[in-house]
Amino acid sequence: MSEIVLRGVGRAFGATQAVQPTDFTFPDGSVTCLLGPSGCGKTTLMRMIAGLDTPTGGRILFDGRDVTGKPARDRDVAMVFQYPVMYRTLSVAENVELALRDDRRLSAAGRRARVDEVLEVMQLQDRRAAGIDALDVGTRQRVAVARAVARDCAVILFDEPTTNVEVHAKTQLIRAFKQFRARLRQTIIYVTHDQTEAMTLADRIALMRDGAITQCDAPHALYDRPESAFGGWFLGNPGMNFLEPRPQGGVARFDGFPSPFRLPDGDPEGLQLGIRPERILVGPAGALPVPAQVLRRAITVGGQYLLLLRAGSATLRARTPPRAPFAPGDTVSIECPISHAAFFRHGQRLVAQ
Ligand code: ATP
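Going by an unreviewed UniProt entry, the chain carries the name ABC transporter ATP-binding protein and comes from Rhizosaccharibacter radicis. A UniProt comment under Sequence similarities (unreviewed entry) is attached to the chain, and it reads "Belongs to the ABC transporter superfamily."

Undergrad: Would you mind going over the overall build of the chain with me for this structure?
TA: Scanning the chain from terminus to terminus reveals eight helices and 22 strands. Its C-alpha atoms give the chain principal-axis dimensions of roughly 75 × 45 × 35 Å. By the burial criterion, 39% of the 353 residues in the chain qualify as buried.

Undergrad: Can you walk me through the domain arrangement of the chain in this structure?
TA: When the parts of a complex come together, some accessible area is lost, and that lost area is often taken as the interface size. For the chain, the assigned domains are domain 1 (4-224) and domain 2 (241-349). For domain 1 versus domain 2, the separation of C-alpha centres amounts to 40 Å.

Undergrad: Sorry, what's going on with the site of the ligand here?
TA: Taken together, Phe13, Thr16, Ala18, Gly36, Ser38, Gly39, Cys40, Gly41, Lys42, Thr43, Thr44 and His193 are the residues near the ligand. Those elements that place two or more of their residues in the shell around the ligand are β2 (16-26) and α1 (42-50). For the shell around the ligand, the element with the highest residue contribution is α1, accounting for three residues.

Undergrad: Would you mind showing me how to read the nonpolar core here?
TA: Most often, soluble globular proteins keep nonpolar side chains buried together rather than apart. By size, the foremost hydrophobic cluster in this structure holds 93 residues, and its most contacted members are Val96, Ala146 and Ile334. Two domains each put at least three residues into this core: domain 1 (4-224) and domain 2 (241-349). When near neighbours in sequence (up to four residues on either side) are disregarded, Val96 contacts Val115, Val118, Leu119, Val143, Ala146, Arg147 and Ala150.

Undergrad: Just checking my understanding: could you explain the UniProt feature "domain: ABC transporter" (unreviewed entry) in the chain for this structure?
TA: The positions UniProt marks with the feature "domain: ABC transporter" (unreviewed entry) are residues 4-235. The span residues 4-235 shows a helical share of 34% and a strand share of 26%, and its end C-alpha atoms are spaced 26 Å apart.

Undergrad: Looking at this model, I keep getting lost on the sheet that holds strand β14 (residues 261-262). Mind explaining?
TA: Each strand in a sheet pairs with another by means of backbone hydrogen bonds, the pair being arranged parallel or else antiparallel. Spatially, β12-β13-β14 is the arrangement adopted by the three strands of the open sheet, whose pairing is antiparallel. What marks the edges here is a single partner per strand, and that holds for β12 (246-248) and β14. Relative to β14, strand β13 (residues 251-253) is paired through two bridges, and the arrangement is antiparallel. Counted as the bridge partner of Ala252 is Phe261 from β14.

Undergrad: Help me out: how do you make sense of the sheet that holds strand β22 (residues 348-349) in this one?
TA: Spatial ordering of the open sheet is given by β11-β15-β21-β22, a layout of four strands whose pairing is antiparallel. Only two strands of the sheet have a single neighbouring strand rather than two, namely β11 (241-243) and β22. One ladder, built from three bridges, connects β11 with strand β15 (residues 271-275); its direction is antiparallel. Its bridge partner lying in β15, Phe242 is registered against Gly274.

What counts and what doesn't
Residues numbered from 1 in each chain as written. Predicted model: local features only at pLDDT ≥ 70, side-chain atom pairs only at ≥ 80, totals over all residues. UniProt positions renumbered as here; feature names shortened; annotations may be inferred. Helix = DSSP H or I, 4+ residues; strand = E, 2+ residues; numbered from the N terminus. Buried ≥ 20, exposed ≤ 12 C-beta atoms within 10 Å, placed from the backbone. Domains from an automatic or database assignment. Near = placed C-beta within 6 Å. Core = buried A, V, L, I, M, F, W, Y, C linked by C-beta atoms within 7 Å. Contact = placed C-beta atoms within 7 Å. Pairing = 2+ DSSP bridges.

Structure below.
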């Protein structure tokens, strides 16, 4: 078991500050996903925790022990990479057993029992004798996870392990991941730019942008209450709609909303109102408070429609139930429930309107 604490940990590459000085705690036994767009510093942060890179500032503590500058082998961490390194001439079971070679606590029989256990957890029993070359990328990645899990380290780090895995194999890999989580309680840090994966796997998501962790929360809390417009935009497919105010004295109108709002702090400067596409109700013309036009329609996985709507001067994306009877050119009506909308000022959420 291991709690990982970052105290002012940062990394610069010349003039590029890949990771800003960061204070952060990964609680013992938690699964934290580092999520963010390409280049935001996820991998750099993880490599420093792994001991594959050294911070240019700050300290890294494992259970209170300062490991800054210590190599990976002194940290009791296992890693799973995007491109797993494996012995192609050996079988699945032999590859997993090899990961245990240096574990002096285990007898030969203990090693074999451990291999059997993790092959079962990772749903690989029927492939135990297969050669690595005979496996598809997804199964190979499950072997990589099995090797990491077998070592029984306090910390397992995953660096985008599903990037090259096709969608069905990815589902199987995620299922296996959840199964091993149900049985083993290592501290896990999982780097991904795939929000669905992060939402499925994480206890907490640490959302990164420009080298900084901007918010860390449980997946649904992060989705429902993003603290920044960036979080509202990045999470969701598509992300939040953002509306600009039209100030009128001490109130402002937002196209899409029928009534004016009292301006937070009486100030329209830098203000935006955000609402998620699935929160916007769409009905036939006249049924709901605000008239709108359907500009475009796209069908999404699961058969829902994603509508691009024009309401006044605002353009909004709305999700409808499967096969809703709305098509481009139609006049419809919408309702944006204020209880599901949030104000942001200069990109930061305003508390309690
Ligand atoms: P991706 O999802 O694309 O892997 P990331 O979020 O993991 O991105 P990093 O790979 O950590 O981001 O990179 C963060 C920043 O640091 C980027 O601007 C990158 O160009 C820079 N960077 C990373 N490694 C190095 C390096 N060895 N030398 C110089 N710059 C680097």
